[in-house]
Amino acid sequence: DAGVIQSPRHEVTEMGQEVTLRCKPISGHNSLFWYRQTMMRGLELLIYFNNNVPIDDSGMPEDRFSAKMPNASFSTLKIQPSEPRDSAVYFCASRDRGLNEQFFGPGTRLTVL
Amino acid sequence: GEDVEQSLFLSVREGDSSVINCTYTDSSSTYLYWYKQEPGAGLQLLTYIFSNMDMKQDQRLTVLLNKKDKHLSLRIADTQTGDSAIYFCAETPPNDYKLSFGAGTTVTVRA
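Treat the numbers as computed from the prediction; the structure is a model and nothing was measured. (Residues numbered from 1 in each chain as written. Chains lettered and ligands numbered in written order. Predicted model: local features only at pLDDT ≥ 70, side-chain atom pairs only at ≥ 80, totals over all residues. Heavy atoms only, no water.)

1. Looking at the overall build of chain A
- Looking only at helices and strands, one finds 0 helices and 11 strands in chain A.
- Ordered by position in the sequence, the α and β elements of chain A form the string β-β-β-β-β-β-β-β-β-β-β.
- Relative to the compact-globule value of 13 Å for 113 residues, chain A shows a C-alpha radius of gyration of 13 Å, a close match.
- Taking the principal axes of the C-alpha coordinates as reference, chain A spans close to 40 × 25 × 25 Å.
- Buried positions account for 48% of the 113 residues belonging to chain A. (Helix = DSSP H or I, 4+ residues; strand = E, 2+ residues; numbered from the N terminus. Rg over C-alpha atoms; globule rule 2.2 N^0.38 Å. Buried < 20%, exposed > 50% of the residue type's maximum accessible area, 1.4 Å probe, protein only.)

Here it is, written out as structure tokens:
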């Protein structure tokens, strides 16, 4: 298995633009997590899906952020409109049912100018 | 996360042992984890320990858990340059999916 796949790996955009980050979890995993990593706040859980259903989105910073999981093999995190303070590394992770280990993707480094 | 605390930096000479310390506050934590993040990469699970254990050893890695003091440590024996990375301590309560991460300890291995 290729592991968790994220795209793009790097994204540079201007303030006000829409940004879409993509994630393909490991095949067979039923849980998916989106995290944000910044120097100031460390690693923060944004949203958690179980069997494609959002279970906990309390970490989503504001309405500008939205996440979807239309099927078991794909998820998106969208920011509209983007702001400079959204600049961070966004990680997707997936987990197999009944197990504790979360497998992380390589991350998307987002820079909003 | 504010519930998990780690020192931010550690410098160690190649070949020496590294000890990274972590304290947590949630006494109900079931699993405690150590993740490694290399530059430009995601987090990789190194090892984990169940809360009813005191110690776990895996090759060069030794995890010690003091549940009374809520203190977790990771010892890396014979530290190599490839061990230079950020190490995150994390915890999860029982029947929960949330990982609470510490701020990470940046380990620098010098020749």
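Next, the rest of the story.
2. Brief notes about unusual backbone geometry
- Here the amide bond leading from A:Ser7 into A:Pro8 is cis, since omega sits at -10°, within 30 degrees of zero.
- Along the chain, A:Pro8 falls in the loop between strand E1 (5–7) and strand E2 (10–13).
- Phi angles above zero are rare outside glycine, and A:Asn51 is one such case at about 50°.
- Assignment of secondary structure puts A:Asn51 in the loop between strand E5 (42–50) and strand E6 (53–56).
- One non-glycine residue, B:Lys70, lies in positive phi territory at about 55°.
- Looking at where B:Lys70 falls in the secondary structure, it is placed in the loop between strand E7 (61–66) and strand E8 (71–76).

3. A word on the state of the cysteines
Residues and elements named next belong to chain A.
- In total, this model carries 2 disulfides over all chains according to the counting rule given.
- The disulfide partner of Cys23 is Cys92, and the S-S distance across this bridge is 1.9 Å. One quick way to see it: the torsion about the S-S bond of Cys23 and Cys92 is about -65°, and its sign makes the bridge left-handed. Note that Cys23 is positioned in strand E3 (residues 19–24) and Cys92 in strand E9 (residues 88–95), a separation of 69 residues in sequence.
- The exposure class of Cys92 is buried, given its relative accessible area of 0%. (Disulfide = S-S within 2.5 Å.)

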